Amino acid sequence: MTLPQPDRVDGYVDLRSYAAIGDGRTVALVALDGSIDWYPTPDLDSTPAFARLLDAANGGQIELRPAADFTVERAYVEGTNVLATTFFTDTGTVRVTDSLNTGVAGRLPWGELARRIEGLDGEVDMRWSVAPGSSFNTASPWVQHSVHGPVLQVQGTTMAVRGRDIGEEQASDRDISGTFTTGAGTRHLLAVVSTHEEPLPLPDLDTIDDGVDRTIANWQDWSREFQYDGPWADAVERSALALKLLLHSPTGAIAAAATTSLPENVNGGKNWDYRFAWVRDTAYTLNAMIRFGLREEVHAAVSGMLKSVREQGTDLKVFTRLNGSRADGTEVLDLPGWRGIGPVVNGNDAAAQLQMGVFGDLFNIVQLYVDAGHVLDTGTGRYLADLADLACDVWQRKDSGMWELDEERHYTTSKLGAWHALSCASHLADLGQIPGTPERWRAEMERIRNWVEANCWSEERGSYVWYPGTDQLDASILLHAISGFDRGERMNSTLDALRGELGRGPLLYRFSGAEKEEGTFVACAFWMAAALDCVGRRDEAAALMDELVPLANDVGLYTEMIAEEDSSFLGNFPQGLSHLALITAALTLGEDRD
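The sections below set out a description of the structure shown in this document. Note that the coordinates shown come from a computational prediction; the quantities given were computed from them, not determined experimentally.

## A few points about the overall build of the chain
Tallying secondary structure elements over the chain gives 13 helices and 31 strands in all. A globule of 594 residues ought to have a C-alpha radius of gyration of about 25 Å, and the chain, at 24 Å, matches this closely. Overall, the chain is about 75 × 50 × 45 Å in size when its C-alpha atoms are taken along their principal axes. Counting every position in the chain, which comprises 594 residues, the buried fraction comes to 62%. Restricting the contact set of the chain to residue pairs at least 6 apart, pairs at least 24 apart contribute 67%. Summed over all atoms, the accessible surface of the chain reaches about 21,800 Å², with 45% contributed by carbon and sulfur.

Below you can see the structure in the form of structure tokens.
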């Protein structure tokens, strides 16, 4: 698909313009015009030296593009998270291959962003610059002149530009830039090597260039381990690769998204930091990875999550930092935000919330792990038995619900999260994997079911409602068609009610009234497809999938939300939950239900 040169409005491009590359520790976002506008180092949740995404004037970027106007085509190299972008100008054509290089045995101990430039035909004048920003207004970048050439310094991060046939470097006091011309068959290299509070290695140019090929091979080796031959295979593989980008290799933690503060509302106010590891997202990711036959990621994610939650005791948190530690509070930053839509925040206030769904998410992780043929250690088994006992009591409390709202209520799906936790705990006890009293857990499951049936069903609406005493709807009930709580007439009727009130074409809002404050929620639409299949409406589910899959951007990625009015992207990017929901729906529809 050939696309026009993107417009930069006040320095910003549309969120659909971005593709993501990564190396197991961090993610960089590459715009259609060749500018890398987001690149935190050394880790995904580090303060970024390149953050034009949120601050066009002072955020910093790595530019590489034709000097003249162009059109553009791009795609990931097959089976990889390495991006190939082809620019077409009136004088010639050039291809740029962007890679966050990995090593022979996994991730490199430094950051290595490599941009290989190949002249395909004619001549193309190219321009480039490496211009660090202010690291969220905490530092002033500067150029240090070393014995090996200019080196960029910003807030503990040291960076060197390595180049081959990219013209004479022009170093100012804050950035390094240059120009060059490609011809048919020419090959060039621009690379940025970085470390944080440690010495900086300077790999030779052949090693960096070879690293692009090695990184392609590493990704393709991983993709060959990926086992899926069902419907929507290309979208499922791309979603799996997007999730792999969000997996933090040092700990096994899975980030919810690669960014912070991309707005859910064009009028501002709903901007969150998603560079944390949610228990919920980990559960859904493991469900997919187990079914894809991916062993190493599964064990790393399970063991990392269990270590983190055991350190918390019974004060179970909904998410942690990527290093496994508890998340702190929120800091509002003095930055404009994408297209001036603030606020920009570090941290997420939901860290302190009670969300009973986390009990179900955690137990779901463990059941998936055990049912895949693995064994729990004794300490984990005892801890989980204590949590199951706690779930028997805590389900009767109000909480903030799955959507992390400020007002605590008796949310229907929170109760069902506790129900699911006790269902999984009973199963694990029957297998001898955890100690405890499954008779009590099963009895409490029945109490929860009876409570939900009595208090959370509306005959008038023909639907499960958001919480007792309201006629408002909540799309997260879809997860409990998938979990197996209800696949009968009530759930069937609920799906129709949700589509009637919250549906906009194939898309779906999260809950009643959400259209006043945010876009449609991508994951909810895919959950609807899975739920339709679970209640026996497979043809409708498949038709819905056929409408939803093409709503990704040109490289197959999704944000959290899509605007009803113009299908523009909203929310953080790439959004793990959106890709997880796509995978869940595809796997659900691929199951044999005969």
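Having seen the structure, we can now continue with the description.
## Remarks on the packing of helix H4 (residues 295-312) against helix H5 (residues 357-371)
Viewed as axis vectors pointing N to C, H4 and H5 meet at an angle of 140 degrees, and their least axial separation amounts to 11 Å. Compared by their axis directions, H4 and H5 come out oblique. Every pair of crossing elements has a handedness; the one defined by H4 and H5 is left-handed. Mapping the contact onto sequence places Val298, His299, Val302, Met305, Leu306 and Val309 in H4 and Leu362, Ile365, Val366 and Tyr369 in H5. Here the contact of H4 with H5 is composed, by residue class, of 9 nonpolar, 1 polar and no charged.

## Examining the nonpolar core
Grouped together as the largest cluster of nonpolar side chains are 210 residues, with contacts concentrated most on Phe292, Phe363, Phe526 and Trp527. The element that contributes the greatest number of residues to this core is helix H11 (residues 522-534), accounting for 12 residues. Those residues within four positions of Trp527 in sequence are excluded, and the remaining contacts are Tyr284, Met402, Trp403, Leu478, Leu479, Ile482, Leu577 and Ala581.

## What about the side chain of Glu112?
Here Glu112 shows up in strand S11 (residues 111-122). An unpaired buried charge is present at Glu112: no salt bridge exists, and Arg214, the closest side chain of opposite charge, is 4.8 Å distant. Reaching out from Glu112, the side chain makes a polar contact with the side chain of Trp110 at a distance of 2.9 Å.

## Structural notes on helix H10 (residues 489-502)
Between its first and last C-alpha, H10 extends 20 Å over 14 residues, near the 20 Å set by a 1.5 Å rise per residue. Buried within H10 are the following residues: Met491, Asn492, Thr494, Leu495, Ala497, Leu498 and Leu502. Of the surrounding secondary structure, the elements contacted by the buried residues of H10 are strand S25 (457-458), strand S26 (463-464), helix H9 (479-482), strand S27 (503-504), strand S28 (507-508) and H11.

## A few points about the packing of helix H3 (residues 279-291) against H4
Between H3 and H4, whose axes approach to 10 Å, the crossing angle comes to 155 degrees. Overall, the two elements H3 and H4 adopt an arrangement that is roughly antiparallel. Taken as a pair, H3 and H4 cross one another with a handedness that is left-handed. Residues Val279, Thr282, Leu286, Met289 and Ile290 of H3 touch H4, and the partners they reach there are Glu297, Val298, Ala301, Val302 and Met305. Here the residues of the contact of H3 with H4 are counted per class, giving 8 nonpolar, 1 polar and 1 charged.

## Re the state of the cysteines
Considering all chains together, one arrives at 0 disulfides under this definition. A disulfide-free cysteine, Cys534 has its sulfur positioned 15 Å from the sulfur of Cys424, the nearest such atom.

## With respect to the environment of Arg275
Positionally, Arg275 belongs in the loop between strand S20 (253-254) and strand S21 (277-278). A relative accessible area of 2% places Arg275 in the buried class. With 297 residues separating them in the primary sequence, Arg275 and Asn572 have C-alpha atoms 9.4 Å apart. Filtering out sequence-adjacent residues up to four positions away, Arg275 remains in contact with Trp38, Leu44, Asp45, Ser46, Ala257, Ala258, Thr259, Thr260, Leu322 and Asn346. Separated by 3.0 Å, the side chains of Arg275 and Asp273 make a polar contact. A polar contact of 2.8 Å, which involves the side chain of Arg275, links it to the side chain of Asn346.

## Quick notes on unusual backbone geometry
The residue after Thr41, namely Pro42, is reached through a cis peptide bond having omega 0 degrees. Relative to the assigned elements, Pro42 resides in the loop between strand S4 (36-38) and strand S5 (60-66). Here the bond from Gly342 into Pro343 is cis, since omega is 0 degrees, no more than 30 degrees from zero. For Pro343, the position within the fold is in the loop between strand S23 (331-333) and strand S24 (344-346). Phi is positive for Ser135, which is not a glycine, with a value near 50 degrees.

## Quick notes on the sheet that holds strand S30 (residues 561-562)
Spatially, S29-S30-S31 is the arrangement adopted by the 3 strands of the open sheet, whose pairing is antiparallel. Two strands lie at the open edges of the sheet, namely strand S29 (520-521) and strand S31 (569-570), each paired on one side alone. Strand direction decides the pairing type here: S30 and S31, joined by 2 bridges, are antiparallel. The residue bridging Met561 from the neighbouring strand is Leu570, located in S31.

## Topic: the environment of Val130
Along the polypeptide, Val130 turns up in strand S12 (residues 124-132). In this structure the C-alpha to C-alpha distance between Val130 and Val192, which are 62 residues apart in sequence, comes to 8.1 Å. Not counting chain neighbours up to four residues away, the residues in contact with Val130 comprise Phe50, Gln61, Ile62, Leu152, Val161, Asp175, Ile176 and Val192.

## Points about the pattern of salt bridges
On inspection of all chains with the given rule, the structure shows 32 salt bridges. A salt bridge links Arg116 to Asp209; the shortest N-O distance between them is 2.9 Å. In this pair, Arg116 is assigned in strand S11 and Asp209 in helix H1 (residues 205-225), connecting sequence segments 93 residues apart. A relative accessible area of 6% means that Arg116 is categorised as buried. With its nearest N and O atoms 3.1 Å apart, the salt bridge here joins Glu517 to Lys270. Residue Glu517 is found in the loop between S28 and S29, and its partner Lys270 is found in the loop between S20 and S21; the two are separated by 247 residues along the sequence. Look at Glu517 and you get partly exposed, because its relative accessible area is 32%. A relative accessible area of 13% means that Lys270 is categorised as buried. A single salt-bridge network, built from bridges that share partners, covers Arg8, Asp33, Asp37, Arg52 and Glu63.

## Things to note about the pairing of strand S8 (residues 92-100)
With 8 of 9 residues buried, S8 is to be regarded as a mostly interior element. Summarising the sheet, strand S7 (residues 83-88) and S8 pair through 6 bridges and their orientation is antiparallel. Counterpart to Thr86 in the pairing with S8 is Arg95. What sits between S7 and S8 in their antiparallel hairpin is a turn of 3 residues. The pairing of S8 with S11 spans 9 bridges and is classified as antiparallel. When the bridges of S11 are listed, Val96 appears paired with Ile117.

Analysis parameters
Residues numbered from 1 in each chain as written. Predicted model: local features only at pLDDT ≥ 70, side-chain atom pairs only at ≥ 80, totals over all residues. Heavy atoms only, no water. Helix = DSSP H or I, 4+ residues; strand = E, 2+ residues; numbered from the N terminus. Rg over C-alpha atoms; globule rule 2.2 N^0.38 Å. Buried < 20%, exposed > 50% of the residue type's maximum accessible area, 1.4 Å probe, protein only. Contact = heavy atoms within 4.5 Å. Areas by Shrake-Rupley, 256 points an atom, 1.4 Å probe, with all protein chains shown as cover. Axes fitted to C-alpha atoms, helices over the stretch in contact; angles between N-to-C directions. Parallel < 35°, antiparallel > 145°, perpendicular 65-115°, else oblique. Left-handed = near helix turned anticlockwise from the far one by under 90°. Nonpolar A, V, L, I, M, F, W, Y, C, P; charged D, E, K, R; others polar. Core = buried A, V, L, I, M, F, W, Y, C linked by side-chain atoms within 4.5 Å. Lys, Arg positive; Asp, Glu negative; His and termini not counted. Salt bridge = Lys/Arg side-chain N within 4 Å of Asp/Glu carboxyl O. Polar contact = N/O pair within 3.5 Å; in protein donor to acceptor, adjacent residues only side chain to side chain. Expected span 1.5 Å × (residues − 1). Disulfide = S-S within 2.5 Å. Pairing = 2+ DSSP bridges.

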